[in-house]
Amino acid sequence: MDFISRKEALSRLGLFVGGVIFGAEAFLSGCSPRGTSTNGILDNDQISLLNDIAEIIIPTTSDSAGAKAANVGDFMNNIVSDFYNEEEQKQFLEGVDLLESKNFEQLSTQEKTDFVLDLEKEAGATSDMHYYLMVKQLTIWGYLTSEVCANELFINAPVPGYYDPSVDYKTGDKFMFPNTAIWEANNKARFHSNS
Amino acid sequence: MNSTNLNIKAKKANHFDAIVIGAGMSGSWAAKEFCEKGLKTLVLERGRNIEHIKDYTTATKELWEFPYRNTIHPSIAKENPIVSKCYAFREATTQHFVLDDEHPYIQKKPFDWIRGYQVGGKSLMWARHVQRWARFDFEANSKDGHGVDWPIRYDDLAPWYSHVERYAGISGNKDGLEAVPDGEFLPPMEFTDVEKHLKKNVESRFKDRHVIFARVANLSRPHNGRVCMYRSRCERGCPYGGYFSANSVTIPAAAATGNMTLRPFSVVQEIMYDENHGKATGVRVIDTNTKEVIEYTADVIMVNAGAINSLLLMMNSKSERFPNGIGNDSGSLGRYLTFHNYRIRVRGELDGFEDKYFFGRKPTGLYIPRFRNIGNDIQKDFLRGYSFGMWSNRGVGKMDPNKQPIGSDLKEQLSELGGWGVGMTGMGEVLPRFENKVSLSETETDQWGIPLIEIDISYSENEEKMCEDIKVTGAEILEAAGVKNIQVSDSNQAPGLDIHEMGGCQMGKDPKTSMLNGWNQMHAVKNVFVADGSAMASAACQNPSITFMAMTARASDYAFKQLKKGAL
């Protein structure tokens, strides 16, 4: 049985950024992705750079750590290496090269934010695939499935132990980390939507 | 639990009172019943053993402990297009499913055969809905002439529903509805505010459409040392025994008697038949590790290998007396296969209830029992009926175009609850039709030299017409509930993905048209019983597992009594 409207939830969460589902191509087109046994195609400097950009997309705030603490760069490496097809990998790596050439890590926080906002505009203005959308998608996916996020942005309850059918909620309240109902189902839909 | 010593070849050591083929949903009940009655019972399972708790390797893993956060790797999906269609096949559960090339089959027409080859079978990963079948479900074939008439009625099975419900532990409300009779229930899990709203609105608009809590094999209260912890990770195996599985309930009960010999890695090649005595003598087993062929004998044999594999085994059990498969005098073996039509989905958004959420992950949802073609509701376009599974949930993430798409603004949006979504899946009865069949390949065999099964099953006009009606009533039910932006879709999924394959060795009154009598006993071979899904003469529209379990317990009791009387 379907538990949620998968595509809709994805879209709300920004995972269908620009309507593109990266990585699904590998599965649909018949390109064979790389094996799962190596350390991936990104080196430590690149992972560190991606963590810095991700931190601008989802920063540490007063009550919860952000994407860098969740090490989403490492997660990006897993997915880009193993799920993306060659074309997607190429585009992603070109994007990373471009970011490296901008000395992103040397910028001030405000400059980094302006830089990422410019990327948002640039990616939003084109209907083509844009590497930034890949980075953003993976940042959100990686962060919302991370231990840091479960413990700090949400109430982590892997073994709730009881069921309360009616809990009062207002904007800003923390609520149960939706690990099973939302993310597992969505991520499956994400890569197997045409099956 | 005792694994047979493979080196013992002496005939005596290979003789048992009873053999049960299949250690899953239904076979494990035969194992429990036989062992508790004192029969020395050999339980054969083609897959590996999975011991309760000890072998649930992913049960307590968190999302971030999976490299792909519980997403199936694209290469696994590409190599396994069939099993990858199953909603429950994920990074956390791949070990419980049969990969496509492990046991090939031939699709004469598209059929997604989803399997679990292990002790526990699919009872490890099932959806746990356990609605009893209705009085009218056992009368349907007789009334409209499709399929053969059931040799039993609801009253024959009712005490056995109670028997298995009491032991397995079923949560549910006594709703007093004809379409889903009440049983032995633990208290139901509780309605959310939205679920209460859905129930109230749908029931006030339609007198004959009821929104109830699905009866489920999840424990709302402690039961024999087990209880549901509201994790909703059932398909990984539950270390709390929160739901019924063979692994957590019936297999341990059988083992506790000291009468069970559980033999995993055992593919049964054929049931051996002795013409002189007119009965089955035992089974021929291939050990999948050693490739050794071993014969076991017994006084009574229960076949519970899962519908299609049970049919494969019976068709492959040929003798001079039964050239077309054991017990197959009627020619009906492998015919009248049926399943459930799960194609139609409806969903939409529900305004309001923004100040309400819930805590804990309820491992089930709502259920709308069948309302078509019962009482005064007579449909001209189609026979039989359907039910709905209904869910509601709240989206996580509330995106606001006026806020920044990055930074603390984005984080805030991601950590807020969005609106409520509501949806339903139609679950329709598929008519038992002679044309829907399985047969043995004459040319292709599997790695054990056993013929591949050919599956030739499709929807018929009745199902297509029913789909049209499900679309209409689904939308009007959601509309009555105040749901907006209603979307209706037809997945067009092939038969099989419902994972409710049934029939092919159906019970019936007449040996000329059926395989089994009213006790799941072969008309022609009195010491062979078949009590899994293959025995079903029709499909009803309820999830069928509880009926397989009740039927198996009943058949086991009868077989035991007949054995003691010397009548087998």
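Residues numbered from 1 in each chain as written. Chains lettered and ligands numbered in written order. Predicted model: local features only at pLDDT ≥ 70, side-chain atom pairs only at ≥ 80, totals over all residues.

Turning next to the overall build of chain A. The secondary structure content of chain A amounts to nine helices and one strand. Reading the helices (α) and strands (β) of chain A from amino to carboxyl end gives α-α-α-α-α-α-α-α-β-α. The 195 residues of chain A split such that 44% are buried. Considering only contacts within chain A whose residues lie at least 6 apart along the sequence, 73% involve residues at least 24 apart. (Helix = DSSP H or I, 4+ residues; strand = E, 2+ residues; numbered from the N terminus. Buried ≥ 20, exposed ≤ 12 C-beta atoms within 10 Å, placed from the backbone. Contact = placed C-beta atoms within 7 Å.)

Below, the discussion takes up the overall build of chain B. Across its full length, chain B holds ten helices and 20 strands. Computed over its C-alpha atoms, the radius of gyration of chain B comes to 24 Å, within 12% of the 24 Å expected for a compact globule of 568 residues. Principal axes of the C-alpha set define a box for chain B whose edges measure 85 × 55 × 45 Å. Per-residue burial over chain B gives 58% buried out of 568 residues. (Rg over C-alpha atoms; globule rule 2.2 N^0.38 Å.)

Turning to its location among the elements, Asp-557 of chain B is positioned in helix 10 (residues 545-565). Taking the C-beta count within 10 Å as the criterion, Asp-557 of chain B has 16 such neighbours and is therefore assigned partly exposed.

We now examine the pairing of strand 2 (residues 41-44) of chain B. Two faces, one strand: in a regular strand the side chains alternate between the faces of the sheet. Residue and element names in this part refer to chain B. With burial as the criterion, each face of strand 2 is covered, one bearing Thr-41 and Val-43 and the other bearing Leu-42 and Leu-44. Relative to strand 2, strand 1 (residues 15-21) runs parallel, the two being bridged by four bridges. Paired with Ile-21 across the strands is Leu-44, a residue of strand 2. Between the parallel elements strand 1 and strand 2, the chain passes through helix 1 (residues 27-36) in a crossover that is right-handed. Examined bridge by bridge, strand 2 and strand 5 (residues 260-263) share four bridges and lie parallel to one another. Bridging from a neighbouring strand, Val-43 pairs with Leu-262 of strand 5. (Pairing = 2+ DSSP bridges. Right-handed = clockwise from strand over helix to strand, strands pointing away.)

The end-to-end C-alpha separation of helix 5 (residues 193-205) of chain B is 19 Å, in line with the 18 Å expected for 13 residues at 1.5 Å each. Those residues of helix 5 of chain B that are buried lie in contact with strand 11 (344-350), strand 13 (366-368), strand 14 (386-396), strand 15 (417-429) and helix 9 (461-480) of chain B. (Expected span 1.5 Å × (residues − 1).)

With the exception of glycine, most residues fall at negative phi, and the peptide bonds are largely trans. Residues and elements named next belong to chain B. In this structure, Phe-265 takes a positive phi of about 55° despite not being glycine. Relative to the assigned elements, Phe-265 resides in the loop between strand 5 and strand 6 (266-274). Phi at Lys-291 is positive, roughly 65°, even though this residue is not glycine. With respect to the helices, strands and loops of the structure, Lys-291 is situated in the loop between strand 7 (279-287) and strand 8 (293-303). Residue Lys-291 is classed as exposed on the basis of its 10 C-beta neighbours within 10 Å.

Here we take up the packing of helix 1 of chain B against helix 10 of chain B. All names here are of chain B. Two numbers describe how helix 1 lies on helix 10: the axes approach to 9 Å, and their chain directions differ by 35°. You can see that helix 1 and helix 10 cross each other, and the crossing is right-handed. Within the contact between the two elements, helix 1 uses Trp-29, Ala-30, Glu-33 and Phe-34 and helix 10 uses Met-549, Thr-552, Ala-553, Ser-556, Asp-557 and Phe-560. Considering only residue class, the contact of helix 1 with helix 10 consists of six nonpolar, two polar and two charged. (Axes fitted to C-alpha atoms, helices over the stretch in contact; angles between N-to-C directions. Left-handed = near helix turned anticlockwise from the far one by under 90°. Nonpolar A, V, L, I, M, F, W, Y, C, P; charged D, E, K, R; others polar.)

This part is about the sheet that holds strand 3 (residues 106-107) of chain B. Residues and elements named next belong to chain B. Across the sheet, three strands lie side by side as 3-17-16; this open sheet has mixed pairing. The sheet terminates laterally at strand 3 and strand 16 (437-445), the two strands that pair on one side only. With two bridges connecting them, strand 3 and strand 17 (residues 451-456) associate as parallel partners. Its bridge partner being in strand 17, Ile-106 is matched across the sheet by Glu-454.

Further remarks concern the pairing of strand 6 of chain B. Residues and elements named next belong to chain B. Bridge count between strand 6 and strand 7: eight bridges; the pairing is antiparallel. Of the residues in strand 7, the one forming a bridge with Ser-266 is Asp-287. As consecutive antiparallel partners, strand 6 and strand 7 are separated by four residues, and within that stretch Gly-278 has a phi angle of approximately 65°, a positive value.

In a regular helix each residue adds 1.5 Å, so 21 residues correspond to 30 Å; helix 10 of chain B covers 30 Å between its end C-alpha atoms and thus fits that length. Positive backbone phi, approximately 75°, marks Gly-566 of chain B, located one or two places after helix 10 of chain B.

All right, on to the confidence of the model for chain B then. Residues and elements named next belong to chain B. Here chain B averages 96 in pLDDT, and 98% of its residues register 70 or above. With pLDDT under 50 throughout, residues 1-9 is counted as low confidence; its partners more than four residues away or in other chains account for twelve contacts. Across the assembled chains, the prediction reports ipTM 0.90 with pTM 0.92. (pLDDT = per-residue confidence, 0-100.)

For the rest of this paragraph, the subject is the confidence of the model for chain A. When pLDDT is averaged across chain A, the result is 78; 72% of the residues are at 70 or more. Every residue in residues 180-195 of chain A is under pLDDT 50, and counting partners more than four places away or in other chains gives 55 contacts.

All names here are of chain A. For the pair helix 3 (residues 44-57) and helix 4 (residues 72-82), the least separation of the axes is 7 Å and the interaxial angle reads 120°. The crossing of helix 3 and helix 4 is right-handed. Here Ile-47, Ser-48, Leu-50, Asn-51 and Ala-54 of helix 3 lie close against helix 4, whose contacting residues are Val-72, Gly-73, Asp-74, Met-76 and Asn-77. Classifying every residue of the contact of helix 3 with helix 4 by side-chain character gives five nonpolar, four polar and one charged.

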